[in-house]
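Spelled out from the first residue to the last, the chains are:
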Amino acid sequence: MIWRFNFGILTDMKKTILSGSTVTGDLTLGNYIGAINNWAKLQDEYECFYFLADLHALTVYQDPAILRERTYSFFAQYLALGLDPKKNVIFVQSHVPEHTQLMWILTCLTPMGYLNRMTQFKEKSEKHVKNINAGLFTYPVLMAADILLYQADMVPVGEDQRQHLELCRDIVGFFDNKYSEGILKMPDAYIGKMGARIMSLQDPTKKMSKSDENDKNFVSIIDDAKKIEKKIKSAATDSGTEIKFDAENKAGLSNLMTIYSVLSGKSIQQIEQDFVGKMYGHLKVDLAELTVQTLSPVKAKYDDLMKNKDYLDQLMKSGADRAQVRAAVTLDKVYKAVGLHR
Ligand code: ATP
Ligand code: LTN
C-alpha cells in the first residue's frame, strides 16, 4: 500500500488489481482455485476491477441467446463466489467501449510475430479449425487493452495466462518507445503458488477447461452435489495405491491432492500423513464431500441471484459506469499521445 500526500491530506492510495474470465461454459473448480479465489482474497486490500470478458468469448462462435443468458449467469457466479459489488468494480467488458478503442491503437503497435508465438492461439486454432478468425489471433491485444485501461498494478490469473501477460508488458514497452513513457502502467502477473493449473479430471495431462466438450473433465461451481460426487469419484488416477504427491508419475492423484489442499487449507504433506494406509477411493470420497461442502452455499446463492435479473442489470450498469470513469482517463491520454484529436 502506498501513502501519498495530497493537498496536505494523507490519503490512502490502493494499488489496482484487474482480472476477468471469458464468458464461455460455467466457471469450474479450475477457475475458482486458479483465479477467482485469489480475486476474492484481494478485494479488501486493493482497488479491484473484475470483469466478464464477453468480447473475448466471441472469438469462438456463441449462440446469441445463450451468450446473453450466460452473461447474467456469469455475473451471478462472480457474486456467489464472494466478489462484493460494493468493494469491487464488477462489470461487463462490452459495456465499456474504451476496451475496443484502446485495442485498435495497441493492435497497430503489436508485431504479428509476437502474436504468432502465443500458445493459446495455436491450441485454439487446432481446436476450432473451421473458425480460425482474426479475433482469435488478436485476442491477447484486447486482453492488454483490458489491463492497461485501468492502470492495473497486478493481474491475478492462472498459469495459462502468463504468456499473455508477458505480451501485455511488451506492448507497454512498444508504446513507451514510440510515443511517451508514463502513460501506460507496467502490470505484473499474480499467479498463486498452489493450484495455478488444475488439470482435467479424466485426462490429467491437459488443463481443466470450462469449454471442454466432455463435462466429466471438470466440476462446475454450480453443479449439484450428485454430479460433483460422480465426477470426482470417477476421476482418472493411476493404478498405484500409495497416496503420495508426484505430479509426473501420478498426475491424476496429484491433481486431486492439489484441489484437496486448496479447499481444505491443509498442506500436501499433511494430506499425505492423513491418508497413510488408505486407498485412492478414500481420498476421492473425502474430496467429493469437501467440494460439495464448499460449493453448496455458492450454488444456493447463485440460484437466488438468478431469480432477480433486475438486480443483476442494476449492478451491471453501475459497475460499467464506475469502470468507464477510469477507462476514459487512460484512453484520453493515449489518444492525445498518438496524435488523435480529442
Ligand atoms: P475456456 O475453456 O473457455 O478457454 P477457461 O476454463 O480456460 O475457459 P478462462 O476464462 O480462460 O477459463 O480463465 C479465467 C481464469 O481462470 C484465468 O485467470 C485462467 O488463468 C484461470 N484458469 C482457467 N483454467 C484454469 C485451470 N485449469 N487451473 C487454474 N486456473 C485456471
Ligand atoms: N484471457 C483471459 C480472460 C481475460 C483476462 C483479461 C484476464 C480477458 N482479459 C485481462 C486478465 C486480464 C482468460 O483467462 N482466458
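In what follows, the structure referred to is the one given above.
Here we summarise the structure given alongside this text. In this text, all values refer to a predicted model and were calculated from it rather than measured experimentally.

**Looking at the pairing of strand β3 (residues 16-22)**
Here's step 1: Counting buried residues along β3, six of its seven residues qualify, which places the element largely inside the surrounding structure.
Here's step 2: Both β3 and strand β4 (residues 47-53) contribute to a ladder of seven bridges, which runs parallel. Paired with Ser 21 across the bridge in β4 is Leu 52.

**Considering the pattern of salt bridges**
Here's step 1: One pass over the full model with this rule turns up 18 salt bridges.
Here's step 2: With a shortest N-O distance of 3.1 Å, Glu 69 and Lys 309 are connected by a salt bridge. Within this pair, whereas Glu 69 is found in helix α3 (residues 64-80), its partner Lys 309 is found in helix α13 (residues 309-338), the two being separated by 240 residues in sequence.
Here's step 3: Residue classification places Lys 309 among the partly exposed positions, given a relative accessible area of 26%.
Here's step 4: Of the charged contacts, one joins Asp 223 and Lys 231 as a salt bridge, the two residues approaching to 2.7 Å between their closest N and O atoms.
Here's step 5: With relative accessibility at 6%, the residue Lys 231 sits in the buried group.
Here's step 6: Each of the salt bridges in this network shares a partner with another, and the network as a whole consists of Asp 215, Asp 223, Lys 227 and Lys 231.

**Quick word on α3**
Here's step 1: Given a rise of 1.5 Å per residue, 17 residues ought to cover 24 Å, and the 24 Å separating the end C-alpha atoms of α3 matches this to within 8%.
Here's step 2: Turning to α3, its buried residues number three or more, namely Leu 67, Thr 71, Tyr 72, Ser 73, Phe 74, Phe 75, Ala 76, Gln 77, Tyr 78, Leu 79 and Ala 80.
Here's step 3: With a side-chain oxygen positioned 3.0 Å from the backbone nitrogen of Ala 65, the residue opening α3 is Asp 63.
Here's step 4: Immediately downstream of α3, the backbone of Gly 82 shows phi near 105°, a positive value.

**So, the site of ligand 2**
Here's step 1: Surveying the vicinity of ligand 2 reveals 14 residues, the closest of which are Phe 51, Tyr 139, Met 143, Asp 146 and Gln 161.
Here's step 2: Separating a nitrogen atom of ligand 2 from a side-chain N or O atom of Asp 146 is a distance of 2.6 Å.
Here's step 3: A distance of 3.3 Å is found between a nitrogen atom of ligand 2 and a side-chain nitrogen or oxygen belonging to Gln 161.
Here's step 4: Protein chains shield 91% of the accessible area of ligand 2, which is 360 Å² for the free molecule.

**Overview of the site of ligand 1**
Here's step 1: Around ligand 1, the structure places 21 residues, and the nearest of them are Thr 24, Asp 160, Lys 207, Ser 209 and Ser 211.
Here's step 2: Here an oxygen atom of ligand 1 and a side-chain polar atom of Ser 21 are 2.9 Å apart.
Here's step 3: Note that a nitrogen atom of ligand 1 is positioned 3.3 Å from one of the backbone N or O atoms of Gly 30.
Here's step 4: In the complex, 97% of the free accessible area of ligand 1, which totals 600 Å², lies under the protein chains.
Here's step 5: Take the shell around ligand 1: its biggest share by element is four residues, from helix α1 (residues 29-42).
Here's step 6: Residues that form the shell around ligand 1 fall into these classes: five nonpolar, eleven polar and five charged.

**Quick look at unusual backbone geometry**
A negative phi holds for most residues other than glycine; trans holds for most peptide bonds.
Here's step 1: The backbone of Gln 151 sits at a positive phi, close to 55°, despite the residue not being glycine.
Here's step 2: Position of Gln 151 relative to the elements: it lies in the loop between α7 (134-149) and β6 (154-156).
Here's step 3: Accessibility expressed as a relative area gives 16% for Gln 151, which makes it buried.

**What to know about helix α12 (residues 280-305)**
Here's step 1: Taking 1.5 Å of rise per residue, the 26 residues of α12 would be expected to cover 38 Å, and the 37 Å separating its terminal C-alpha atoms lies within 8% of that figure.
Here's step 2: Of all the bends in α12, the greatest, near 30°, is centred on Leu 295, and the proline Pro 297 appears no more than four residues after it.
Here's step 3: Those residues of α12 not exposed but buried are Tyr 280, Leu 283, Lys 284, Leu 287, Ala 288, Leu 290, Thr 291, Val 292, Leu 295, Val 298, Tyr 302 and Leu 305.
Here's step 4: Tucked into the core, α12 has its buried residues touching α1, α3, α9 (225-233), α10 (251-264), α11 (268-274) and α13.

**Notes on the nonpolar core**
Here's step 1: In this structure, Leu 29, Tyr 50, Phe 75, Tyr 78, Ile 221, Leu 283 and Leu 312 are the most contacted members of the largest nonpolar core, which totals 63 residues.
Here's step 2: Among residues more than four places away in sequence, those in contact with Tyr 50 are Ile 17, Ser 19, Trp 39, Leu 42, Tyr 78, Leu 83, Asn 88, Val 89, Ile 90 and Phe 91.
Here's step 3: Counting 45 residues, the second-largest nonpolar core is a separate cluster that includes Leu 102, Leu 106, Phe 137 and Ala 320.

**Points about the pairing of strand β5 (residues 88-92)**
Here's step 1: β5 sits mainly inside the fold: five of its five residues count as buried.
Here's step 2: Residues Asn 88, Ile 90 and Val 92 of β5 are buried on one face, and the alternating residues Val 89 and Phe 91, pointing to the opposite face, are buried as well.
Here's step 3: With five bridges joining them, β4 and β5 adopt parallel strand pairing. Within β5, the position partnered with Leu 52 by the bridge is Val 92.

What counts and what doesn't
- Residues numbered from 1 in each chain as written.
- Chains lettered and ligands numbered in written order.
- Predicted model: local features only at pLDDT ≥ 70, side-chain atom pairs only at ≥ 80, totals over all residues.
- Heavy atoms only, no water.
- Buried < 20%, exposed > 50% of the residue type's maximum accessible area, 1.4 Å probe, protein only.
- Helix = DSSP H or I, 4+ residues; strand = E, 2+ residues; numbered from the N terminus.
- Pairing = 2+ DSSP bridges.
- Salt bridge = Lys/Arg side-chain N within 4 Å of Asp/Glu carboxyl O.
- Expected span 1.5 Å × (residues − 1).
- Polar contact = N/O pair within 3.5 Å; in protein donor to acceptor, adjacent residues only side chain to side chain.
- Near = heavy atom within 4 Å.
- Areas by Shrake-Rupley, 256 points an atom, 1.4 Å probe, with all protein chains shown as cover.
- Nonpolar A, V, L, I, M, F, W, Y, C, P; charged D, E, K, R; others polar.
- Bend = angle between axes of the 7 residues up to and from the residue.
- Contact = heavy atoms within 4.5 Å.
- Core = buried A, V, L, I, M, F, W, Y, C linked by side-chain atoms within 4.5 Å.

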